[in-house]
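Overview (structure and organization)
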Amino acid sequence: MRVLYRLRDAGFAGYLVGGAVRDLLVGGHPKDFDVATDATPEQVKALFRNSRLIGRRFRLAHVVFGREIIEVATFRANVDDGSGDRETHEGGRLVRDNVYGTIEDDAVRRDFTANALYYAVEDFSVRDYVGGFEDVQARKMKLIGDPEQRYREDPVRMLRAVRLAGKLGFGIDAASAEPIPRLAPLLSEAAPARLFEELLKLFLSGNAVASFEGLERYGLLPSILPETAAALASNRSGALRNMLLEGLRGTDARVANDEPVSPAFLFALLLWPAYCRALIGLQAQGVNAEEAQRRAADRVTLHQLGTVALPRRFSLPMQEIWLLQSRFATRQRKRVMRLLAHPRFRAAYDFLLLRLTASSEHAEDVAFWRAAQTQSSEELSAALGVAPPRGLDTGEGDAGDGEVGEEQPGEDPAAAPKRRRRRRRSGSAAPAAE
Ligand code: ATP
Ligand code: MG
């Protein structure tokens, strides 16, 4: 509100716009606030001491209030529409490149009608140039303009349709939904780093189950998680899908309770069907269990990197969660101690709990490791004559946040050659916590 009033007092137009207006209209809590204005970024900068300019192609201003950043963007015209004879907008502030436009231009270049509403402080009204207000009342996500063209311009809009519909409990308008299964393969052209960000939003914002079901329903899964989609399709019992959904329900519950969620654990879950499938294939070829696990983990990670840029600080702990699973079978006390002390133990154990939903064969392991954790570290150590392991009774950092800083002591993740490190970490003969 302060940004809007300051702009108005300086003689500019300023509106709250986008997701925040949409979320407020349905009674939700916006997670960020965007402002659209006819002031240029430089004018905004001059107006707010607590602001900075960002972006090269599209410059915009960030006005900073403590930890809150209000993004203030000048009205923009859609420069992608390629119309050669771009009109001049009377009243609009036309600046170099014709990038800036009128509020109407700014509205129609947005993706969904529900995302193109402008709230004005001078009369407390919502300005609507695309029918978005009605669509919000009707609870539907509807693309502005020709759906196919808009998806071709930016295929990530297909994921946004599913994500926002899932988050808001909206439907997707029939004409906007129809092209999605057909155009889903276009997502392979999207930037892998952007897809990674979008996947985090899909699955770590508290609506992971709805997101997943939407992706399935609109045929988007094979485009973003190809090997998982294939593995789920060939798993006739549906056990892997059930486990995945159970894991996503747990993720949603954690978000709802303000508990931390980790990308490493999420991707361990999302790619588990693919990992299992690769593992079975390798073992069928006669590769020994331990080697097969390593190769399956590497292969699945590598293939997934073709679509989604999963940073190593997440993919390494993800692989650890997988590789630790086979170590839950041990009952040898020394190995039990080591596994309990492993920095990724808690995440791996939580993962084992999930696997129980797919197969009751893990019930005994779960019972054993649950009991092992409730013994005090002294009790366990006394039996072995070793020092108490780190992190045993804390339950802290469960699901591990995947920071490189959590690597094993004395190990420089950047220095050691990849193969040796991985072998050391996963090899049961020389457990990582040693
Ligand atoms: P949320 O913040 O809840 O994820 P949002 O709609 O606010 O949803 P942002 O990514 O914050 O999403 O984008 C802000 C606004 O920018 C959107 O509401 C929309 O008007 C516009 N926008 C975002 N992405 C696109 C896109 N790919 N194409 C066109 N307009 C977009
Ligand atoms: Mg937003």
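Preceding this section is the structure that the text describes.
On a predicted model such as this, the values are computed, not experimentally measured, just so you know.

As a general point, the strands of a sheet are linked pairwise by backbone hydrogen bonds and lie either parallel or antiparallel. Reading across from one edge, 3-4-5-2-1-6-7 is the order of the 7 strands in this open sheet, with mixed pairing throughout. Looking at which strands have only one partner, the edges of the open sheet turn out to be strand 3 (51–54) and strand 7 (125–128). Direction aside, the axes of adjacent strands within the sheet are offset by 35 degrees on average. Relative to strand 5 (residues 68–74), strand 4 (residues 60–65) runs antiparallel, the two sharing 5 bridges. Looking across to strand 5, one finds that Phe 65 is bridged to Glu 68.

Here we take up helix 14 (residues 239–256). Compared with an ideal rise of 1.5 Å per residue, which puts 18 residues at 26 Å, helix 14 spans 26 Å between its outermost C-alpha atoms and is within 8% of the ideal. Listed in full, the buried residues belonging to helix 14 are Ala 239, Leu 240, Met 243, Leu 244, Leu 245, Gly 247, Leu 248, Thr 251, Asp 252 and Arg 254. Where helix 14 is buried, its residues contact helix 10 (192–203), helix 11 (208–217), helix 13 (226–234), helix 15 (263–270), helix 16 (272–284) and helix 20 (345–358).

Attention shifts here to the site of ligand 1. Around ligand 1, the surrounding shell holds 18 residues, and the nearest of these are Arg 22, Lys 31, Asp 154, Arg 163 and Lys 167. Measuring from an oxygen atom of ligand 1, one finds a backbone N or O atom of Asn 115 at 3.0 Å. Residue Asp 154 places a side-chain N or O atom 2.8 Å away from a nitrogen atom belonging to ligand 1. Every element with two or more residues in the shell around ligand 1 is listed here: helix 2 (19–25), helix 7 (156–168) and helix 10. It is helix 7 that contributes the most residues to the shell around ligand 1, 5 residues altogether. Class assignment for the residues of the shell around ligand 1 results in 1 nonpolar, 3 polar and 14 charged.

Reading guide: rules and limits
- Residues numbered from 1 in each chain as written.
- Chains lettered and ligands numbered in written order.
- Predicted model: local features only at pLDDT ≥ 70, side-chain atom pairs only at ≥ 80, totals over all residues.
- Heavy atoms only, no water.
- Pairing = 2+ DSSP bridges.
- Helix = DSSP H or I, 4+ residues; strand = E, 2+ residues; numbered from the N terminus.
- Axes fitted to C-alpha atoms, helices over the stretch in contact; angles between N-to-C directions.
- Expected span 1.5 Å × (residues − 1).
- Buried < 20%, exposed > 50% of the residue type's maximum accessible area, 1.4 Å probe, protein only.
- Contact = heavy atoms within 4.5 Å.
- Near = heavy atom within 4 Å.
- Polar contact = N/O pair within 3.5 Å; in protein donor to acceptor, adjacent residues only side chain to side chain.
- Nonpolar A, V, L, I, M, F, W, Y, C, P; charged D, E, K, R; others polar.

Interpretation note: all reported values are geometric properties and have no functional meaning in isolation.
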